[in-house]
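# Report on the structure
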Amino acid sequence: MSPQNYNFMFYGFTAAWLILILYVISIALREKKLRQELDRVKRMVEEGEQAKH
Amino acid sequence: MRLKIILTLTLIAGLILAWNLRRIFLQVPDEANQGAIFRIIYFHVPAAITSFTGFYIGMFSAVGYLIKKDLRLDSIAASINEVSLAFASITLVTGSIWGRIIWGIWWTWDPRLTSYFVCLLIYFGYFMLRRAIEDPNARARLSAVLSIFACVDIVLVWKSIEWFRTQHPGPVLEIRGGGGMAPGMEAPLWWNFLALVMLAAALILIRTRQEAMKLEIDALRRHAHAF
Amino acid sequence: MKFLRQTLAIAAKDLRSEIRGKEAVNASVSFALVILLLFSFAFDLEPEQIRDIAGGLLWLIFAFAGTLILNRSFARELVNDCLDALLASPVSGAQLFFGKCLANYVLIIIVECVSLPVFAIFYDVRLPQRLALLFLVMLLGTWGITVIGTMFSAMTVNLRLRELMLPTLIYPMLIPALIGAIQLSRVLITGGPLAENFIWFRILVAFNVIFTILALALVEIVLVG
């Protein structure tokens with residue numbers, strides 16, 4: 001078929017994968033942020049407990 | 001255990017997709033009218049079906065929350081809806097690129113793409129609503145009701161846009177290029193669908209765990225501030 | 001019977017409060033007039049073409065202006081904890097919702113009845129002989145907007161960005177009703193054949209019935225929990 005046709009097919013596939021990869025990256029970033037936040041809050045609770053005793 | 005499930009799913013999905021890619025490019029012949037771009041269907045349609053099913057399963061999970069009041073069901077619902085939203089975006093973008101070749105322009109309000117766009121808007125609203133509510137129970141409740149409304153509405157949206165387009169005909173993305181698809185061409189579609197569903201499941205599991213983490217952080221924070 | 005009586009009491013309360021204050025209706029009518037003005041700059045069309053898009057323009061105006069009224073619907077109860085008082089009263093969530101629906105419906109119809117002749121004058125659109133049918137379409141379409149709008153007003157009442165979120169949430173949902181109303185209005189204004197457009201009546205009625213039932217069933221969950 002015409003080269004333009006093939007080009008766009010690759011754009012299409014690339015676009016699909018790109019969106020998927022960007023989404024996975026956003027999930028990974030959120031994971032990191034959540035873990036940091038969780039650790040921080042856990043430490044905060046522990047310090048609170050220690051301060052009480 | 002959970003991590004193993006996620007990894008297994010992703011691995012199998014990846015293998016299927018890679019195998020299929022070979023098949024799509026080398027073994028499936030070019031479609032008569034549309035040429036090479038036709039192969040985009042192997043992502044466009046499975047992504048569409050995955051996201052559509054996802055939204056409805058998300059609704060059932062939300063209804064489950066309303067009945068059982070278990071916040072985990074709400075986490076599952078939100079995760080499913082988010083992953084479905086990502087797949088819906090893929091559907092829309094691939095559909096638009098497909099249209100660029102078929103019609104020469106990026107967008108012409110094809111009924112399927114338009115309905116999908118409406119779906120996208122509704123679920124953007126869903127996530128906007130979720131972000132605006134702090135209390136997890138209120139958030140779960142309201143987004144559950146919203147997703148019920150959304151899923152019922154989408155059927156009506158689909159039908160009405162379809163009817164609008166039969167009265168005001170415009171370009172339509174043809175899946176079946178004149179008659180059914182040749183038998184050899186249909187199989188990769190369903191394999192890709194399986195792979196995407198597995199990928200979606202893996203992503204949903206990850207997201208659900210993140211939502212659970214968020215709830216835990218909230219609970220701990222409240223615990224810390226109580227002293 | 002009791003359901004109706006209490007519902008009408010709520011509706012009457014809202015209407016009375018609005019008639020005394022006239023805030024929402026004034027704002028809504030002004031907004032409608034402003035949009036009509038802006039549309040006149042937006043396009044420069046032959047009278048024939050204007051008649052063609054009149055249906056669409058009209059319903060866009062109705063939808064935008066209606067949102068102002070819908071926003072106020074539950075928001076007005078936030079002052080002095082009126083909403084809590086209402087929820088604590090023997091009036092059920094569904095009655096509260098339906099009463100507000102009725103009140104909003106009347107108010108939006110008033111705004112539409114003011115906008116329609118102004119529209120006809122500004123754009124030189126001869127209103128059709130089938131005015132009664134056009135009015136029927138207005139009644140049906142407006143109920144769709146009202147039901148969804150009041151429901152989402154209840155959902156967003158406690159949110160900070162409620163004025164921003166209400167339009168964003170309801171317009172995609174309203175698409176079936178708006179398409180139906182626009183199509184029917186276009187056919188009636190341009191004098192086209194009504195028979196083949198009957199499906200739009202069916203869609204409008206289906207939309208109204210389905211969402212009224214759904215809203216009545218779910219509003220208790222939204223308001224109370």
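An account of the accompanying structure is given in this report.

The rules we used
Residues numbered from 1 in each chain as written. Chains lettered and ligands numbered in written order. Predicted model: local features only at pLDDT ≥ 70, side-chain atom pairs only at ≥ 80, totals over all residues. Helix = DSSP H or I, 4+ residues; strand = E, 2+ residues; numbered from the N terminus. Rg over C-alpha atoms; globule rule 2.2 N^0.38 Å. Buried ≥ 20, exposed ≤ 12 C-beta atoms within 10 Å, placed from the backbone. Axes fitted to C-alpha atoms, helices over the stretch in contact; angles between N-to-C directions. Parallel < 35°, antiparallel > 145°, perpendicular 65-115°, else oblique. Contact = placed C-beta atoms within 7 Å. Expected span 1.5 Å × (residues − 1). Left-handed = near helix turned anticlockwise from the far one by under 90°. Nonpolar A, V, L, I, M, F, W, Y, C, P; charged D, E, K, R; others polar.

### Some thoughts on the overall build of chain A
- Assigned secondary structure in chain A consists of one helix and zero strands.
- Here the C-alpha atoms of chain A give a radius of gyration of 23 Å, more than 25% beyond the 10 Å that 2.2 N^0.38 yields for 53 residues.
- Oriented by its inertia axes, the alpha-carbon framework of chain A measures out at about 75 × 5 × 5 Å.
- Looking at chain A as a whole, 8% of its 53 residues qualify as buried.

### Thoughts on the packing of helix α6 (residues 131–156) of chain C against helix α8 (residues 175–190) of chain C
Residue and element names in this part refer to chain C.
- Between α6 and α8, whose axes approach to 9 Å, the crossing angle comes to 170°. Taken as axis vectors, α6 and α8 run roughly antiparallel relative to one another. Contacts from L133, L134, V137, G141, G144 and I145 in α6 reach A177, A181, L184, S185 and L188 in α8.

### Side note on α8(C)
- Over its 16 residues, α8(C) extends 22 Å from the first C-alpha to the last, a length consistent with the 22 Å expected when each residue adds 1.5 Å.
- Where burial is concerned, most of α8(C) is hidden: 15 out of the 16 residues are buried.

### Quick word on the packing of helix α5 (residues 93–122) of chain C against α6(C)
All names here are of chain C.
- Relative to each other, α5 and α6 sit at 130°, their axes nearing to 9 Å. Taken together, the axes of α5 and α6 are oblique relative to one another. The crossing of α5 and α6 is right-handed. Side by side, α5 and α6 meet where F97, K100, C101, N104, Y105, I108, I109 and E112 of the first sit next to M138, T142, W143, I145, T146, V147, G149, T150 and A154 of the second.

### Brief notes about the interface of chain B and chain A
- Contact residues are listed per partner, giving 29 residues for chain B and 25 residues for chain A.
- Mapped onto the side of chain B that touches chain A, the elements with two or more residues apiece are α3 (71–103) and α6 (183–225) of chain B.
- It is α6(B) that provides the largest number of residues to the side of chain B that touches chain A, a total of 12 residues.
- Of the residues contributing to the side of chain B that touches chain A, the split by class is 17 nonpolar, five polar and seven charged.

### Focus on the interface of chain B and chain C
- Across the boundary between the two partners, chain B contributes 22 residues, which contact 22 residues of chain C.
- The dominant element in the side of chain B that touches chain C, judged by the number of residues it contributes, is helix α5 (residues 136–167) of chain B, at 13 residues.
- Residue composition of the side of chain B that touches chain C, by class: 18 nonpolar, two polar and two charged.

Remember that the coordinates give geometry; whether it matters functionally is a separate question.
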